[in-house]
Amino acid sequence: MRRNARWAACIGLGLGVALAGPACKRGGGSIPMQPGSGVDAGSFDKVGLLRAFGECALTTYREAETAIVALEPAAAKAAADGTPESRAAAREAWARALDAWEVAEVMQFGPAAMTGAPGAQDLRDGIYSWPLVNRCLIEQQMVSQIYDKPELATTLVSTRSLASLDYLLHYEGADNACGAPATINAQGTWAALGPQTIASRRLGYASAVAKDVTPRVKKLVEAWDPARGNFLAQIADAGKPGSAFSSQQMAFNAVSDALFYLDDQVKDMKVGRPAGIVACVSATCPEPVESPFSGRAKEHLRANLVGFERIFRGCGAGGEGLGFDDLLVAVGAGTVSQAVSAALAESFAALDALGARTLTQAIAQDPPAVRRLFDAIKKLTDILKTDFATVLDLELPKKIEGDND
Amino acid sequence: MASGPAPRRPAIDRALARVTRPTDVAALVAFRVAVGLIVTVSATRFLAYGWVDELFYKPTFFFKYWGLSWVRPLPAPLMHVAFVALAALGLCVAAGLFYRAAAGLVCALVLWVQLIDVTNYLNHYYLLGLLTGLMALMPLGRAVSLDAWRRPDTRVSHFPVWCTYLLRVQVAVVYVHAGLAKATPDWLLHAQPLNIWLSARTDTPLVGALFDERAMAYAMSWGGFFFDTTIALFLAWRRTRVFAYVVVLAFHATVGRLFPIGMFPWIMIAAVLVFFEPTWPRDVIAKLRALRARSGVRQVLRARAPSRVDASIPPSASFGLAPRLALALASAFCLLQALAPLRCHLYGGNVLWHEQGMRWSWRVMAREKNGSITYWVDSPQTGRSWAVSPRPYLTDRQLRELNNQPDLVLQLAHHIGEEFRAKGHGDVRVRVDALVSLNGRAAAPMIDPRVDLLRVRDGLGKASWILPAPSGPPIHLRPLWASGSASRRSSS
């Protein structure tokens, strides 16, 4: 009877009696959730979920910051003494830094996002610019030694960021990637350096890049930090005055759009293209594989999936904490949540099935296994683009707003 | 000599006599001004928001209408010039300057812009094109206009009533078909897609908390259905007209606040003015003056105002071939407008899924649909197979439309096939994985993934390569507040 009255009131309100709004509102707006039902324990509402996304991004950025800060002295030591040990230490520090950052790659919303997105400060590329990496240009700058000058900060991102360190810390050859007409080859300035100077400049360049990236990741963390830029409050308060997001839905759109990193970057560019499945004329195209010199592309993929899992299932260990899965279960779309979780598990399994081989080796030795990885990630992104987007009414953020009807 | 009864005039003459009766110019002049200003504002928005670049210069691939592949955008910066011209032409229509030419050009420009790329299609711009096209055939520039001021000999004090009738039919067709499009189980029995849309807008000020209630989605679904199917009737009936217009204002203001539908509410709010008495602007002015003067001015002005149909001007006694032909054409146009939106039923199935007969039929905001499209290009010669994402070929806006519309998927398949052939891959086949979710149902293949789309030609016939819509009801989202108890129920 009471419920019928609520329905009647809502129907009446639907026809324009807005003043009765509070009558249909449940007190508090937060609900205790059942453990084990797919919904995390504790209170749950959309504000809480948005705050959880923000806290997850901030936690992940802080992890990256810690690792990148540790990279700077390691790279400096390698540049200073050039010993195999210090180089190995720098490589290890870079691997830890990039492993941490690759988790954050799936969290490019707010200040890390590209210009045009809500709250964007375009901070991502300065930290990690992949796939924008230009080895030839880096080598030209090794000759000009611009890396030793403040101008490095304003050079193209394809010549700095953590992405360039894959080459600078791991490549040991004395050749370069530029063509014969390039100045460094035509004028012989590269050859004149000699192998030892080349190796030394690579490490010097790497140290300069590590030094350049540190303040950039700190700037990102500060932008989110509640004690500084406090973007965390902006996402939690989406829809309120002062927030970069004019509605909660806009904030959900921004977070979900960041998840689509898995589609165009991970599925197509990191796996599909090197494996010859996407935009590759020859049988395989291993050249565009991520981090080809360190051979860590597979670890990067795993970190990307971990980043996705943190946003989708919750940022804590084993998916603890609020994530999109909680929202899906809460609105009665638990099957969509289960489908995403299953596809994610399948993606992890397909990645594990590559074994100890690097991605490049797997592409050459076991193409069907790489195809299975591609298909598993495709299954995941298909669900994101269809059921997930439909049920939560998500769209790509409108960089240019248009009319609809 | 006794005179017999007067010979009965032919039906067509009686009809012509009826539709050529003169009426006051006031309402249609107001309509002309409103439409002209809407055109100007719309064109200005395109320029101000960068949509001209986004729609005409950013795309590298354009989706063509069947038989209209020759329609292309003008080279830069002529599209900008065209929109500046459109804004100026809107002002000309409003002011009644070179009226017929201006209205005709507005119609041509608005429709041409829509025809350049299928994804540009919007119901409300199609309506604007139709209204301005009809207006170009009407003498609405001969009163209260710069044309009438420039050439007093062309000035008229009355317009033929067919102008009002034709515009009313056009506006009524939009509403009725928008309503009929909602007569589906998804809309009426499951309150979808409104359940999905409202659940995502629970932070709307004042009423947002209600949007979590399924009852609200049902109320708005049924309310929208009844509104669309009946509002023209209530607007046509004098006793309910003012109340109906208040409902129109409330409805379009609400929809415009909740959804990004741009100029649509404004266009409809202006368009339904054709249902009011031909003298309504004078009546409003008179009432305002009476309110200010608080005297008997109202009666005086009412007496001066021409009647709805001015009986003092006799209708023509006989009609030549031209008016008869015009009446036939107008009737054919009305019939076409009334029947063409129903063509989707000839295809069977669910039009929201196969989309055959979807455009040009006033199916306004009828579905929530998202898709994932991946093309597979097979080379029988080499045995290679490539996954091709549509993303590099399209803008974000085009991609969003492609994901839902099979004929667009087919067009891009042909383009991709031609590109692969041109690159020397020989006689390739192009298939597609087109997974689509409609109103929250689990995603299903929209197109037969085994079909080589290069062997399929676009046309008006039923598309056998489109798979049937998934059966079963759409999703029912529950309110967030109910999730705790629901979880407990399901776990017990």
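Residues numbered from 1 in each chain as written. Chains lettered and ligands numbered in written order. Predicted model: local features only at pLDDT ≥ 70, side-chain atom pairs only at ≥ 80, totals over all residues. Heavy atoms only, no water.

Participant: Run through the overall build of chain A, naming residues and quoting values.
Facilitator: When its secondary structure is counted, chain A shows 16 helices and two strands. Considering only intrachain contacts with a sequence separation of at least 6, the fraction spanning at least 24 residues in chain A is 70%. Approximately 16100 Å² of chain A is accessible, and the part contributed by carbon and sulfur atoms is 56%. (Helix = DSSP H or I, 4+ residues; strand = E, 2+ residues; numbered from the N terminus. Contact = heavy atoms within 4.5 Å. Areas by Shrake-Rupley, 256 points an atom, 1.4 Å probe, with all protein chains shown as cover.)

Participant: How would you sum up helix H14 (residues 280-293) of chain B? Please name residues and give values.
Facilitator: Residues and elements named next belong to chain B. Between its terminal C-alpha atoms H14 stretches 19 Å, which fits the 20 Å expected from 14 residues at 1.5 Å a residue. Those residues of H14 not exposed but buried are Trp-280, Pro-281, Ala-286 and Ala-290. Immediately beyond the C-terminal end of H14, within one or two residues, lies Arg-294, with a positive phi of roughly 50°. (Expected span 1.5 Å × (residues − 1). Buried < 20%, exposed > 50% of the residue type's maximum accessible area, 1.4 Å probe, protein only.)

Participant: Help me get a handle on the pairing of strand E5 (residues 429-438) of chain B, residues and values and all.
Facilitator: Within a regular strand, the side chains alternate between the two sheet faces. Residue and element names in this part refer to chain B. Bridging between strand E3 (residues 369-378) and E5 involves ten bridges; their strand directions are antiparallel. When the bridges of E5 are listed, Val-377 appears paired with Val-430. As paired strands, E5 and strand E6 (residues 444-445) are joined by two bridges and run antiparallel to one another. Within the sheet, the bridge partner assigned to Leu-435 lies in E6 and is Pro-445. (Pairing = 2+ DSSP bridges.)

Participant: Give me the lowdown on the packing of aromatic side chains, citing residues and values where you can.
Facilitator: Within the structure shown, the criterion is met by 36 aromatic pairs over all chains. Aromatic pair A:Phe308 and A:Phe312: ring centres 5.9 Å apart, planes at 5°, arrangement stacked. You can see A:Phe308 and its partner A:Phe312 sitting in helix H12 (residues 297-313), four residues apart, about one turn around the helix. Across the pair, exposure class does not vary: A:Phe308 and A:Phe312 are buried alike. With 5.5 Å between their ring centres and 45° between their planes, B:Tyr65 and B:Trp360 make a pair best called tilted. Taken as a pair, B:Tyr65 in the loop between helix H3 (51-57) and helix H4 (78-95) and B:Trp360 in the loop between helix H17 (351-354) and E3 lie far apart in primary sequence, 295 residues in all. B:Tyr65 gets classed as buried once you look at its relative accessible area, which sits at 10%. Given the relative accessible area of 23%, B:Trp360 is considered partly exposed. (Phe/Tyr/Trp six-rings, centres within 6.5 Å; stacked < 30°, edge-to-face > 60°.)

Participant: Quick one: what's the story with the sheet that holds E6(B), residue by residue and with numbers?
Facilitator: Read from one edge of the open sheet, four strands run E4-E3-E5-E6 (chain B), paired in antiparallel fashion. Since the sheet does not close on itself, it has two edges, and those belong to strand E4 (385-388) and E6 of chain B, each with one partner. The sheet contacts of helix H16 (residues 367-391) of chain A involve E3, E4 and E5 of chain B, and relative to E3(B) the element is tilted by about 150°. Running over the sheet, helix H19 (residues 406-422) of chain B touches E3, E4 and E5 of chain B and is turned about 25° from E3(B). (Axes fitted to C-alpha atoms, helices over the stretch in contact; angles between N-to-C directions.)

Participant: Would you mind going over the packing of H4(B) against helix H5 (residues 99-116) of chain B in detail, with residue names and values included?
Facilitator: All names here are of chain B. Running from N to C, H4 and H5 point in directions that differ by 140°, and their axes come no closer than 9 Å. Judged by the twist between their axes, the crossing of H4 over H5 is left-handed. Residue-level inspection shows Met-79, Ala-82, Phe-83, Leu-86, Leu-89, Gly-90, Cys-92 and Val-93 of H4 in contact with H5, the latter providing Tyr-99, Ala-102, Ala-103, Leu-105, Val-106, Leu-109, Val-110, Trp-112, Val-113 and Ile-116. (Left-handed = near helix turned anticlockwise from the far one by under 90°.)

Participant: Hey, could you go over a nonpolar patch on the surface for me, with residue numbers and the actual values?
Facilitator: There is a patch of nonpolar side chains on the surface, built from B:Leu180, B:Leu335, B:Leu339 and B:Leu342 and spanning about 360 Å² of accessible area. By the element assignment, B:Leu342 lies in the loop between helix H16 (321-339) and H17. (Patch = residues over 30% accessible without salt bridge, like charges linked within 9 Å, V, L, I, M, F, W, Y side chains within 5 Å. Salt bridge = Lys/Arg side-chain N within 4 Å of Asp/Glu carboxyl O.)

Participant: I'd like a rundown of the nonpolar core, residues and numbers included.
Facilitator: By size, the foremost hydrophobic cluster in this structure holds 269 residues, and its most contacted members are A:Leu162, A:Phe324 and B:Tyr375. Per-element accounting of this core gives the leading share, 15 residues, to helix H2 (residues 46-81) of chain A. Judged by nonpolar contacts, the second largest core, of five residues, contains B:Leu16, B:Val19, B:Phe319 and B:Leu327. (Core = buried A, V, L, I, M, F, W, Y, C linked by side-chain atoms within 4.5 Å.)

Participant: Describe the state of the cysteines, with residues and values.
Facilitator: Every disulfide links exactly two cysteines, by a covalent bond between their sulfur atoms. Across all of its chains, the model carries three disulfides over all chains by this definition. Here A:Cys56 is linked by a disulfide to A:Cys315, with a sulfur-sulfur distance of 2.1 Å. In this structure, the disulfide formed by A:Cys56 and A:Cys315 twists by about 75° around the S-S bond and is classed as right-handed. Placement of A:Cys56 in helix H2 and of A:Cys315 in the loop between H12 and helix H13 (324-330) is noted, with a sequence separation of 259 residues between them. Take A:Cys56: its relative accessible area is 2%, and that puts it in the buried class. Covalent S-S linkage joins A:Cys280 and A:Cys285, the inter-sulfur distance amounting to 2.0 Å. Because the torsion about its S-S bond is 90°, the bridge between A:Cys280 and A:Cys285 counts as right-handed. Residue A:Cys280 is classed as buried on the basis of its relative accessible area, which comes to 3%. The thiol sulfur of B:Cys107 is not disulfide-bonded, and the nearest other cysteine sulfur, from B:Cys334, lies at 16 Å. (Disulfide = S-S within 2.5 Å.)

Participant: Go over the domain arrangement of chain A, please, and point to the residues and values.
Facilitator: Residues and elements named next belong to chain A. By the assigned domains, chain A splits into domain 1 (3-16 + 42-46 + 236-391) and domain 2 (63-228). For domain 1 and domain 2, the distance between their C-alpha centres works out to 27 Å. With 28 residues of domain 1 in contact, the opposing surface of domain 2 contributes 23 residues. For the domain 1 and domain 2 pair, buried surface summed over both sides reaches about 2100 Å², with 68% attributable to carbon and sulfur atoms. Its largest share of buried area at the contact with domain 2, domain 1 owes to Tyr-261, Phe-293 and Arg-296, together 26% of the area lost on that side. Across the pair Arg-310 and Glu-63 runs a salt bridge whose closest N-O atoms are separated by 3.1 Å. Between the two partners, domain 1 and domain 2, sit eight residue pairs in polar contact (both at pLDDT 80 or more). Those elements that provide at least two residues to the side of domain 1 that touches domain 2 are helix H10 (248-259), helix H11 (261-272) and H12. (Domains from an automatic or database assignment. Buried area = accessible area lost by both parts, 1.4 Å probe. Polar contact = N/O pair within 3.5 Å; in protein donor to acceptor, adjacent residues only side chain to side chain.)

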